[in-house]
Amino acid sequence: MMEDIQAKRAKRVKLGKLLTLILLLYGLAVTVAYFFCQPPEWFVWLAPFNVPSIAFAYWFSPALLYLPLALAALAGWMMLHLGRLFGREFIIVTMLIYLICNCVFVPFYMLLVSASWDVTLLGRMLALSVSGLVYPILVLVALHVWNPRRI
């Protein structure tokens, strides 16, 4: 009985670790491709930082914020994988920054877009904001499935 529980936990930990790594690598790949390559038009829908990067572009290059965030989250995963402390907090803080940026800027842009009464622009802004909210939540759920507190 105890072996079954431990086997299920080991399987869940392995799945959570793999999902977290895949999602963090996706975030890094999208960040590099979005800021340093010329991605096609449909690629913009996959980036989890579209709406805040529009706002940040007025003050500084958003790559200066999002590339270190993606690298810090990946470094947190590596720290957890190697059994070091504070890796989980790196991942949580970076994903919270993603969420906070989206939660701050998306309502303002939705208000601006809704004032124009253009339905297609409103739909596009909604779709862009969804990718920014889904990605950090998926990473946090995968981190929860991994449950790396017992290191």
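Remember, it's a predicted structure, so these values are computed and weren't measured experimentally. (Residues numbered from 1 in each chain as written. Predicted model: local features only at pLDDT ≥ 70, side-chain atom pairs only at ≥ 80, totals over all residues. Heavy atoms only, no water.)

1. Brief notes about the environment of Ala-29
Definition in use: To qualify as a helix, a DSSP run of H or I must reach at least 4 residues; to qualify as a strand, a run of E must reach at least 2; elements of each kind are numbered from the N terminus. Exposure categories follow from relative accessible area, calculated using a 1.4 Å probe and restricted to protein chains: below 20% of the type maximum is buried, above 50% is exposed, and the middle band is partly exposed.
Position of Ala-29 among the secondary structure elements: in helix α1 (residues 2–36). A residue is classified by how much of its surface remains accessible, and Ala-29, at 48% relative accessible area, is partly exposed. Spatially, the C-alpha atom of Ala-29 lies 9.0 Å from that of Ala-70, the residues being 41 residues apart in sequence.

2. Examining the side chain of Thr-31
The line we're drawing: Between N or O atoms, a polar contact is any pair within 3.5 Å; within protein, one atom must be a potential hydrogen donor and the other a potential acceptor, and residues adjacent in sequence are included only when both atoms are from side chains. Pairs of residues are marked as contacts when any of their non-hydrogen atoms sit within 4.5 Å.
Structurally, Thr-31 is set in helix α1. Separated by 2.6 Å, the side chain of Thr-31 and the backbone oxygen of Gly-27 make a polar contact. Non-local contacts of Thr-31, meaning those with residues more than four positions away in its chain, are made with Phe-49, Tyr-66, Leu-67, Ala-70 and Tyr-98.

3. Concerning the nonpolar core
As a reminder of what qualifies: Here the nonpolar core consists of buried residues drawn from Ala, Val, Leu, Ile, Met, Phe, Trp, Tyr and Cys, with membership extended through side-chain atoms lying within 4.5 Å.
Ranked by size, the top nonpolar core spans 35 residues in total, and within it Leu-24, Ile-91, Met-95 and Tyr-98 carry the most contacts. Elements that contribute at least two residues to this core include exactly α1, α2 (50–56), α3 (63–81), α4 (87–115) and α5 (119–146). Considering every element that reaches this core, the biggest residue donor is α4, with 9 residues. Those residues in contact with Met-95 that sit more than four places away from it in its chain are Leu-24, Ala-73, Tyr-135, Pro-136, Val-139 and Leu-140.

4. Overview of the pattern of salt bridges
When their charged atoms lie close together, side chains carrying opposite charge are able to pair. Which entries qualify depends on this criterion: Take a side-chain nitrogen of Lys or Arg and a carboxyl oxygen of Asp or Glu: if they are within 4 Å of each other, that pair is a salt bridge.
Going through the model one piece at a time under the given rule, you end up with 1 salt bridge. Here Glu-89 and Arg-88 are joined by a salt bridge, their closest N and O atoms 3.4 Å apart. What makes Arg-88 partly exposed here is its relative accessible area of 26%.

Keep in mind that these numbers describe shape and distance, not what the molecule does.
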